[in-house]
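Architecture at a glance
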Amino acid sequence: MKLCSVLLDGRAAFGALVDNGFVDLSTPLAGRCDDLRDLFAKGLLEEARALVRQGPQHSLERIRFQRPITNLDARMFGLGWSYKDHQIETGKEAPEHPFMFNKLPQSMVGHEEPMYRPWSSERYDFEGEIVVVIGKPGRHITPQQAAAHIAGYSIMMDGSLRDWQQHSVTAGKNFDSASAYGPCIVTPDELGAPSNMQLTTRLNGNTVQHTAFELMAWKIEDLVAYISTFTRLEAGDSISTGTPGGVGHKRNPQLFMRAGDVLEIEVSGIGTLRNRIVDEPAS
């Protein structure tokens with residue numbers, strides 16, 4: 001399934017994308033399930049599949065995408081320097097352990113929503129990434145158990161303000177509405193082998209990043225195990241698995257995003273996350 005959170009004719013809803021439209025799961029599951037995080041936590045995926053098989057009730061024109069996981073208390077764990085080519089371009093040695101940071105939910109918008117170029121920086125950079133979404137909670141998960149805890153996979157644009165990032169990773173990675181997450185969460189049964197995924201980032205139609213997911217330095221199972229060692233992973237938590245080489249601040253000349261730019265991150269088996277850049281509105 002391709003699960004997503006949307007505004008359906010202006011009301012918050014969740015459901016699944018199919019070839020001909022959108023299947024609303026929030027109405028038939030009302031009173032039992034509030035959102036996708038709740039769907040995972042309550043183990044309702046099989047019931048959702050049965051509803052999806054009945055076919056779409058709504059055209060895609062009626063929906064507006066939100067972040068797939070809308071809860072403000074759901075966590076996003078970011079991973080740094082996870083591809084060899086990005087390690088090389090940034091001059092970093094291969095880390096002995098995963099380098100983790102947090103993405104705040106307020107920093108991320110949904111598919112086709114505008115991303116804000118902050119007025120406080122001219123160094124707004126792109127990072128296309130693949131996201132692992134947790135479906136089953138757990139602590140001290142072993143690598144062998146990890147697959148049972150994964151609900152699916154999605155896409156993130158890790159908007160990075162490079163000047164701010166130099167003095168604070170937390171600040172540089174968390175400007176409001178400067179990143180994007182979506183459009184959907186693809187369940188493992190539909191995706192197939194994650195190692196087959198290909199990630200391509202395009203800025204204004206020009207390819208700026210491309211990688212095979214199998215080139216990521218860390219195994220997904222090891223990342224789930226590592227994070228669950230220091231914190232209990234909950235349904236709806238996500239792990240963004242880092243970006244490949246090609247980022248703007250390591251190019252010559254450097255390439256940063258401006259208002260009017262369109263950024264697309266395409267991942268085979270998932271789809272395309274697309275957002276237009278606008279200047280941050282006055283407060």
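Residues numbered from 1 in each chain as written. Predicted model: local features only at pLDDT ≥ 70, side-chain atom pairs only at ≥ 80, totals over all residues. Heavy atoms only, no water.

Let's shift gears to the pattern of salt bridges. Scanning all chains against the criterion turns up 22 salt bridges. Among the ionic pairs, Asp 38 bridges to Lys 42, the shortest N-O distance being 3.2 Å. Look at Asp 38 and you get buried, because its relative accessible area is 15%. Glu 122 serves as the salt-bridge partner of Arg 117, at 3.7 Å between the closest nitrogen and oxygen. In this structure Glu 122 comes out as partly exposed when scored by relative accessible area, which is 45%. Three or more residues are tied together by salt bridges with common partners; here these are Lys 103, Asp 125, Glu 127, Asp 158, Arg 162 and Lys 173. (Salt bridge = Lys/Arg side-chain N within 4 Å of Asp/Glu carboxyl O. Buried < 20%, exposed > 50% of the residue type's maximum accessible area, 1.4 Å probe, protein only.)

To continue, consider the sheet that holds strand β15 (residues 206–212). With respect to topology, five strands assemble into an open sheet ordered β8-β18-β17-β14-β15, the strand pairing being mixed. Since the sheet does not close on itself, it has two edges, and those belong to β8 (115–117) and β15, each with one partner. In this sheet, adjacent strand axes meet at a mean angle of 20° when their direction is disregarded. Direction of pairing for strand β17 (residues 262–267) relative to strand β18 (residues 271–279): antiparallel, over a ladder of six bridges. Bridged to Ile 265 within β18 is Leu 273. (Pairing = 2+ DSSP bridges. Helix = DSSP H or I, 4+ residues; strand = E, 2+ residues; numbered from the N terminus. Axes fitted to C-alpha atoms, helices over the stretch in contact; angles between N-to-C directions.)

The phi angle of most residues is negative, glycine excepted, and most peptide bonds adopt the trans form. The amide bond that connects Gly 182 to the next residue, Pro 183, takes the cis arrangement and shows omega of -5°. In this structure, Asn 204 is a non-glycine residue whose phi angle is positive, near 55°. Exposure remark for Asn 204: the relative accessible area of 42% places this residue in the partly exposed category.

This next bit is on empty space enclosed by the protein. Tallied over the entire structure, the rule returns one cavity of 30 Å³ or more. Forming the boundary of the largest cavity are Arg 67, Ile 69, Asn 71, Ala 74, Arg 75, Met 76, Pro 105, Met 108, Tyr 181, Gly 236 and Ser 238. For the lining of the largest cavity, the residue count by class is six nonpolar, three polar and two charged. (1 Å grid on protein atoms, 1.4 Å probe; cavity = no way out; pocket = protein on both sides within 12 Å on 5 of 7 lines; lining within 4 Å. Points joined across faces, edges and corners; volume = space filled by probe spheres on them. Nonpolar A, V, L, I, M, F, W, Y, C, P; charged D, E, K, R; others polar.)

Okay, the pairing of strand β1 (residues 2–8) next. A large share of β1 lies buried, amounting to five of its seven residues. Note that β1 and strand β13 (residues 179–186) share two bridges and pair antiparallel. Among the inter-strand pairings, Leu 3 is bridged to a residue of β13, identified as Ile 185. In terms of strand pairing, β1 meets strand β2 (residues 11–18) through seven bridges, oriented antiparallel. The residue bridging Leu 8 from the neighbouring strand is Arg 11, located in β2. As judged from the three bridges shared by β1 and strand β4 (residues 63–65), these two strands associate in the antiparallel manner. Looking at β4, one finds that Leu 7 is bridged to Arg 64.

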